[in-house]
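This is what each chain is made of:
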Amino acid sequence: QVQLVESGGGLVQPGGSLRLSCAASGILFSISKMGWYRQAPGKQRELVADIGSGGSTIYTDSVKGRFTISRDNAKKMVYLQMNSLKPEDTAVYYCNALLILSSREDYWGKGTLVTVSS
């Protein structure tokens, strides 16, 4: 059974930092592409950042230079370091695992809420 469990969300002031963590189990983690998505109230879910099995990363333009995605294959963890947070970063952040072998397997965590407000 695949499980992705996010943690690290909370309330932070503008300009502050948070580190999100995602613990994965039940998947071939080392060969999965791992990603962080977010969904703000009234908006569609969007990709924030992802990291391939080889460590290549992609970031959405609005977070470039502020957020850093990383992974620890030995611990089956993926992280999102978020700095210089802005009110518009407020959203539920979801961990995603994508594995493509003979078929596409796509898994989601339940999300963690990040609120950026003074």
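For the structure, see preceding data.
Residues numbered from 1 in each chain as written. Predicted model: local features only at pLDDT ≥ 70, side-chain atom pairs only at ≥ 80, totals over all residues. Heavy atoms only, no water.

Turning our attention to the overall build of the protein. Scanning the protein from terminus to terminus reveals zero helices and eleven strands. The order of helices and strands in the protein, counted from the N terminus, is β-β-β-β-β-β-β-β-β-β-β. For the protein, the C-alpha radius of gyration of 14 Å lies close to 13 Å, the compact-globule estimate for 118 residues. When the backbone C-alpha atoms are referred to their principal axes, the protein occupies close to 45 × 25 × 25 Å. The burial tally for the protein puts 40% of its 118 residues in the buried class. For the protein, long-range pairs separated by at least 24 residues make up 53% of all intrachain contacts whose partners lie at least 6 apart in sequence. Computing the positive centroid from 13 side-chain charges and the negative centroid from 9, the protein places the two 2 Å apart. (Helix = DSSP H or I, 4+ residues; strand = E, 2+ residues; numbered from the N terminus. Rg over C-alpha atoms; globule rule 2.2 N^0.38 Å. Buried < 20%, exposed > 50% of the residue type's maximum accessible area, 1.4 Å probe, protein only. Contact = heavy atoms within 4.5 Å. Lys, Arg positive; Asp, Glu negative; His and termini not counted. Charge placed at Lys NZ, Arg CZ, Asp CG, Glu CD.)

Below, the discussion takes up the side chain of R38. Summarising the element assignment, R38 is placed in strand 4 (residues 33–39). Given the relative accessible area of 5%, R38 is considered buried. Side-chain polar atoms of R38 contact the side chain of E46, separated by 2.7 Å. In this structure the side chain of R38 is engaged in a polar contact, spanning 2.9 Å, whose partner is the side chain of Y93. When near neighbours in sequence (up to four residues on either side) are disregarded, R38 contacts Q44, R45, E46, V48, S62, V63, F67, D89, A91, V92 and Y93. (Polar contact = N/O pair within 3.5 Å; in protein donor to acceptor, adjacent residues only side chain to side chain.)

Turning our attention to the environment of P41. Here P41 shows up in the loop between strand 4 and strand 5 (46–51). Distance from P41 to A91, taken between C-alpha atoms, is 7.0 Å for residues 50 residues apart in sequence.

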